[in-house]
Amino acid sequence: MDFLQPRSLADAIAAKAEFPGAVPIAGGTDVMVEINFDTRRPEALLDLNRVSELASWQLSDGLVRLGAGVTYTRLIAEVGGLLPGLAMAARTVGSPQIRNRGTVGGNLGAASPAGDCHPVLLAAGASVEATSVRGTRMIPAAEFFAGPKRNALAADELITSVLVPAAAGPQQFAKIGTRNAMVIAVCAFALELRPPAVGTGIGSAGPTPLRAPAAEEFLAGALAESGLWECPACLPDQVAQRFGELVAAAARPIDDVRGTAAYRRHALSVLARRTLGWAWDSYRAGDGASRCG
């Protein structure tokens, strides 16, 4: 197995073009596990730790460009105020050691249906920046996941950044696991309220991370029709109940060692109602209250 160590983004892109079978590695929190258990044996590893261009982030015109090499720990500390939902999800990733090494770019590259940050990226309407010697293209997060551990990257492309709109309203993330920490999610849910729209993301309950478009349309419409976006009051129980049902209906879960499909659907309906309650309380106390005057 060859080990490639480019020292610039241009060199990394050129190496990926020359060795399209090379697997990028930054934190190695997924790749090294697969290699150690002999479930993956790539022809080469492409070490991106020396590529400084991938380890920065910028805010421009309300859009956060998060370099693929920014670790979870830095994301939480430096970008949490702009992307609170993503910071919430990052806090649930592994242990402090994993968060010090792992990156959102690596999480995306692995494309696991249970990736903790994926639901938030879907809910926020994020895009993935893919770069090759042929140029750069933007892939909407909703189109990035092609199947279990499969993504939309071409063989010669690298993830160089993730572009995420800065939060325009309350964001929430919650997951259920078999214990309280260092656990793969049985299911997960992310929610963003960005008046007059709603964003959702479902994790670990389908072959890929999923959105719940019918739930988004229902909730945005219910809040608009009742005037609650402009002057928020208590959210009717039937609205929260129906929102949870529609989120559960959008899932495509299976039975596995972590949980049954039926449990995942039930849990998602509960997570959807809870996160909606938390987000709505935040909206009422903040931006919603100022709108009501």
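Note: the structure precedes this text.
What you are looking at is a predicted structure, and each value in this text was computed from that prediction instead of being measured.

> An account of the environment of V23 is requested, with residue identities and associated values reported.
Residue position: V23 is located in strand 2 (residues 23-25). Relative accessible area serves as the criterion here: at 8%, V23 is assigned to the buried category. C-alpha of V23 to C-alpha of L46: the two residues are 23 residues apart in sequence and 5.7 Å apart in space. Excluding anything up to four places from it in sequence, V23 contacts V31, R40, P42, A44, L45 and L46.

> Describe the sheet that holds strand 6 (residues 127-132), and please don't skip the residues or the numbers.
Read across the open sheet, the five strands follow the order 4-5-10-6-7; overall the sheet is antiparallel. Either end of the sheet is taken by a strand with one partner, and the two such strands are strand 4 (57-60) and strand 7 (135-140). Within this sheet the neighbouring strands show an average axis-to-axis angle of 20°, counted without direction. Sheet topology places strand 6 next to strand 7; six bridges connect them, and they run antiparallel. Within strand 7, the position partnered with A130 by the bridge is R137.

> Describe empty space enclosed by the protein, listing the residues and the values that go with them.
Here the structure, examined in full by the defined rule, presents two cavities of 30 Å³ or more. For the largest cavity, the calculated volume is near 40 Å³. In terms of lining residues, the largest cavity is bounded by L83, L86, V120, L121, A124, V164, P165 and Q171. Secondary structure elements with two or more residues in the lining of the largest cavity: helix 7 (118-124) and strand 10 (158-165). Considering every element that reaches the lining of the largest cavity, the biggest residue donor is helix 7, with three residues. Roughly 30 Å³ of volume is contained in the second largest cavity. Lining the second largest cavity are V120, A123, A124, Q171, Q172, A190, L191 and E192. Put simply, the parts of the chain that give the lining of the second largest cavity at least two residues each are helix 7, strand 11 (171-176) and strand 12 (187-194). Partitioned by chemical class, the residues of the lining of the second largest cavity number five nonpolar, two polar and one charged.

Reading guide: rules and limits
Residues numbered from 1 in each chain as written. Predicted model: local features only at pLDDT ≥ 70, side-chain atom pairs only at ≥ 80, totals over all residues. Heavy atoms only, no water. Helix = DSSP H or I, 4+ residues; strand = E, 2+ residues; numbered from the N terminus. Buried < 20%, exposed > 50% of the residue type's maximum accessible area, 1.4 Å probe, protein only. Contact = heavy atoms within 4.5 Å. Pairing = 2+ DSSP bridges. Axes fitted to C-alpha atoms, helices over the stretch in contact; angles between N-to-C directions. 1 Å grid on protein atoms, 1.4 Å probe; cavity = no way out; pocket = protein on both sides within 12 Å on 5 of 7 lines; lining within 4 Å. Points joined across faces, edges and corners; volume = space filled by probe spheres on them. Nonpolar A, V, L, I, M, F, W, Y, C, P; charged D, E, K, R; others polar.

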